[in-house]
Amino acid sequence: MDKKVALVTGGSSGIGEVAARDLKDAGFTVYAAARRTDRMAALEQAGIRTIALDVTDEESARAAVERIIADEGRIDVLVNNAGYGSYGSLEEVPLTEAQAQLDVNVLGLARLTQLVLPYMRTQGSGRIINISSMGGRFATPLGSWYHASKYAVEGLSDAMRLELEPFGIDVVLIEPGGIRTEWGAIAADNLRATSGQGAYRMQAEAMTRTLAASSEPGYRLASPPEVVGRAITKAATARKPRTRYSVGIGATPMIWLSRVLPDRTFDSVIKRFAGVPA
């Protein structure tokens, strides 16, 4: 049989870029997809095929999947990695921004999955790997819409796993902790612009420092994106993958604490961790 084919969304940087490289090293034919193909020149030089994709646009998503099918005749692994973090108080975040957050992080994921599933069902095999977060298991201050999107990804994935198992299709969740990518700095900028003034200013200042620090080289409370790339490749190649992979500094213990501590006690832990005034 020809090489297995993997599609990685959000492939222009961070976790997506690392995952694309790792999957190629594992023997996959890899398509890295992102809105800005100019940022993926290094991936092309590494033998990874790049493709333009806006997960919020039906025509763009359909064209990307159809091109891969035309070129390869199959898609074996879909890594739904495209996403961003919209931070700000619920009171101050415009609902248009809330819709944008859900459209990228949830509906974009669902859109790509809907498009690849008919081919996977025909093959009788496939693997959907959804990049969630430890923030899909518990919340932090001023991240209501981001957490809503990741909680939704968790629920969608659990339901998909049940309905797709009869067709030989596995559904896997990756739940990273803090990861050193540009994600944190972008989220911090969004938070500062939305809630940096007014009633939520003190919380926003604290959370902005925490989010921005995660993008800084050497930050001890965040892991490099390579740890997530390795987990994605493990999930893609395992004969029987786990349903969830919690990876990176803090992810496993924090998820465990969120399950065993009373809510208000865990709230105090989160505030202390984020540096938010009690």
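Here's what I pulled together on the structure shown here. In this text the structure is predicted, and so the values were computed from the model without any measurement.

### What about helix H1 (residues 14-25)?
If you check H1, its first and last C-alpha atoms are 17 Å apart, about what 12 residues at 1.5 Å a residue would give, namely 16 Å. For H1, the full list of buried residues reads Gly-14, Ile-15, Gly-16, Val-18, Ala-19, Ala-20 and Leu-23. Positive phi shows up at Gly-27, right after H1, with a value of about 105°.

### Some details on the nonpolar core
Ranked by internal contacts, the top residues of the largest apolar core, which has 28 residues, are Leu-23, Val-79, Ile-129, Ile-174, Val-228 and Ile-232. Going through the elements one at a time, strand S1 (5-9), H1, strand S2 (29-34), strand S4 (77-80), strand S5 (126-131), strand S6 (169-176), helix H8 (226-237) and strand S7 (244-247) are the ones with two or more residues in this core. Residues contacting Ile-174, with those up to four places away along its chain left out, are Ile-129, Asn-130, Ile-131, Ser-132, Ser-133, Val-228, Ala-231, Ile-232, Ala-235, Tyr-245 and Val-247. Within the second largest apolar cluster, 25 residues are counted, among which are Leu-7, Leu-53, Ala-61 and Met-120.

### Examining unusual backbone geometry
Phi is positive for Leu-142, which is not a glycine, with a value near 70°. Secondary-structure assignment places Leu-142 in the loop between S5 and helix H5 (144-164). Exposure remark for Leu-142: the relative accessible area of 10% places this residue in the buried category.

### A short note on the pattern of salt bridges
A full pass over the atoms with the stated rule returns 17 salt bridges. Arg-21 serves as the salt-bridge partner of Glu-17, at 3.6 Å between the closest nitrogen and oxygen. Taken as a pair, Glu-17 and Arg-21 lie in helix H1 at a separation of four residues, close to a single helical turn. When its relative accessible area of 30% is taken as the criterion, Arg-21 is described as partly exposed. Where Arg-74 meets Asp-76, a salt bridge forms, and the shortest distance between an N and an O atom there is 2.7 Å. Accessibility assignment for this pair places Arg-74 and Asp-76 in one class, buried. Each member of the salt-bridge network shares a partner with another, and the members are Arg-137, Glu-154, Asp-158, Arg-161, Glu-175 and Arg-244.

Reading the values: rules and limits
- Residues numbered from 1 in each chain as written.
- Predicted model: local features only at pLDDT ≥ 70, side-chain atom pairs only at ≥ 80, totals over all residues.
- Heavy atoms only, no water.
- Helix = DSSP H or I, 4+ residues; strand = E, 2+ residues; numbered from the N terminus.
- Expected span 1.5 Å × (residues − 1).
- Buried < 20%, exposed > 50% of the residue type's maximum accessible area, 1.4 Å probe, protein only.
- Core = buried A, V, L, I, M, F, W, Y, C linked by side-chain atoms within 4.5 Å.
- Contact = heavy atoms within 4.5 Å.
- Salt bridge = Lys/Arg side-chain N within 4 Å of Asp/Glu carboxyl O.

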